[in-house]
Amino acid sequence: MREVSQPATEAIRLVEVLRALADPVRLDLVRRLDQMGEDFCNAIGAEIDVHQTTLSHHYRVLREAGVTWTTVQGRSRLVRLRRNDLDTLFPGLLDSVLNAQRRTFDTATTSTVETPPQDADQRDRVRLQQRGRAGTGGDEAVAPAAGRQ
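Since this is a predicted model, take the numbers as computed values, not measurements.

Trainee: Help me understand the overall build of the protein in this model?
Mentor: Helices and strands together make up the secondary structure of the protein, namely seven helices and four strands. Going from the N terminus to the C terminus, the protein shows its helices and strands as β-α-α-β-α-α-β-β-α-α-α. When each of the 149 residues of the protein is scored for burial, the buried share is 32%. Restricting the contact set of the protein to residue pairs at least 6 apart, pairs at least 24 apart contribute 65%. Here the protein has roughly 9800 Å² of accessible surface; of this, 50% comes from carbon and sulfur atoms.

Trainee: Whenever I open this one, the environment of Val 17 confuses me. Can you help?
Mentor: Relative to the elements of secondary structure, Val 17 occurs in helix 1 (residues 14-21). When its relative accessible area of 1% is taken as the criterion, Val 17 is described as buried. C-alpha of Val 17 to C-alpha of Ala 65: the two residues are 48 residues apart in sequence and 5.3 Å apart in space. Beyond its immediate stretch of four places on either side in the chain, Val 17 contacts Ile 12, Ala 65, Val 67, Leu 86, Phe 90 and Leu 93.

Trainee: What am I meant to see in the pairing of strand 3 (residues 68-73) here?
Mentor: In summary, the side chains of a regular strand alternate between the two faces of the sheet. Where burial is concerned, most of strand 3 is hidden: five out of the six residues are buried. For strand 3 and strand 4 (residues 76-81), the ladder comprises six bridges, and the chain directions are antiparallel. The residue of strand 4 that forms the bridge with Thr 70 is Val 79. Linkage of strand 3 to strand 4, two consecutive antiparallel strands, is achieved through a turn of two residues, within which Gly 74 is found at a positive phi near 65°.

Trainee: How do you make sense of the packing of helix 2 (residues 24-36) against helix 4 (residues 52-65) when you look at a structure like this?
Mentor: Two elements in contact, helix 2 and helix 4, have axes whose closest approach is 10 Å; the angle formed by their N-to-C orientations is 70°. The orientation of helix 2 with respect to helix 4, classified from their angle, is roughly perpendicular. Together, Val 25, Arg 26, Leu 29 and Val 30 of helix 2 and Leu 55, His 57, His 58, Tyr 59, Val 61 and Leu 62 of helix 4 make up the contact between the two elements. Tallied by class, residues from the contact of helix 2 with helix 4 come to seven nonpolar, two polar and one charged.

Reading guide: rules and limits
Residues numbered from 1 in each chain as written. Predicted model: local features only at pLDDT ≥ 70, side-chain atom pairs only at ≥ 80, totals over all residues. Heavy atoms only, no water. Helix = DSSP H or I, 4+ residues; strand = E, 2+ residues; numbered from the N terminus. Buried < 20%, exposed > 50% of the residue type's maximum accessible area, 1.4 Å probe, protein only. Contact = heavy atoms within 4.5 Å. Areas by Shrake-Rupley, 256 points an atom, 1.4 Å probe, with all protein chains shown as cover. Pairing = 2+ DSSP bridges. Axes fitted to C-alpha atoms, helices over the stretch in contact; angles between N-to-C directions. Parallel < 35°, antiparallel > 145°, perpendicular 65-115°, else oblique. Nonpolar A, V, L, I, M, F, W, Y, C, P; charged D, E, K, R; others polar.

It is worth stressing that arrangement in space is one thing and function is another; only the former is reported here.
This is the structure in structure tokens:
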């Protein structure tokens, strides 16, 4: 087993941890890690609807911020949450963020609000439509993303 480059405990900075946790996909990965303990990255992200390269990027951001610890076993990567390190450096932070995320998730799944689109093209269209409504009142047609078909 070998470990990949990741910060020592004393090098973990709050601003980097918060930046890593600010992304919904990464926050979902952290929530899953908190529930599962330690697992291979392909198992943790199996139910998340993003491309493998995007998942790899999210794992790297979490690792470089000091949120996760990654160990390489052959061609697989075993990932675990650095809960003890984070709780020592920033007491209560991880619990607060995860509890808020759980409440938000629970509220979103029980509300009558429209469910978010799952594929990237659909998400882009919704974002463009929302920007169009926010900036102009929403009466204009929204052009598709440049370069996308």
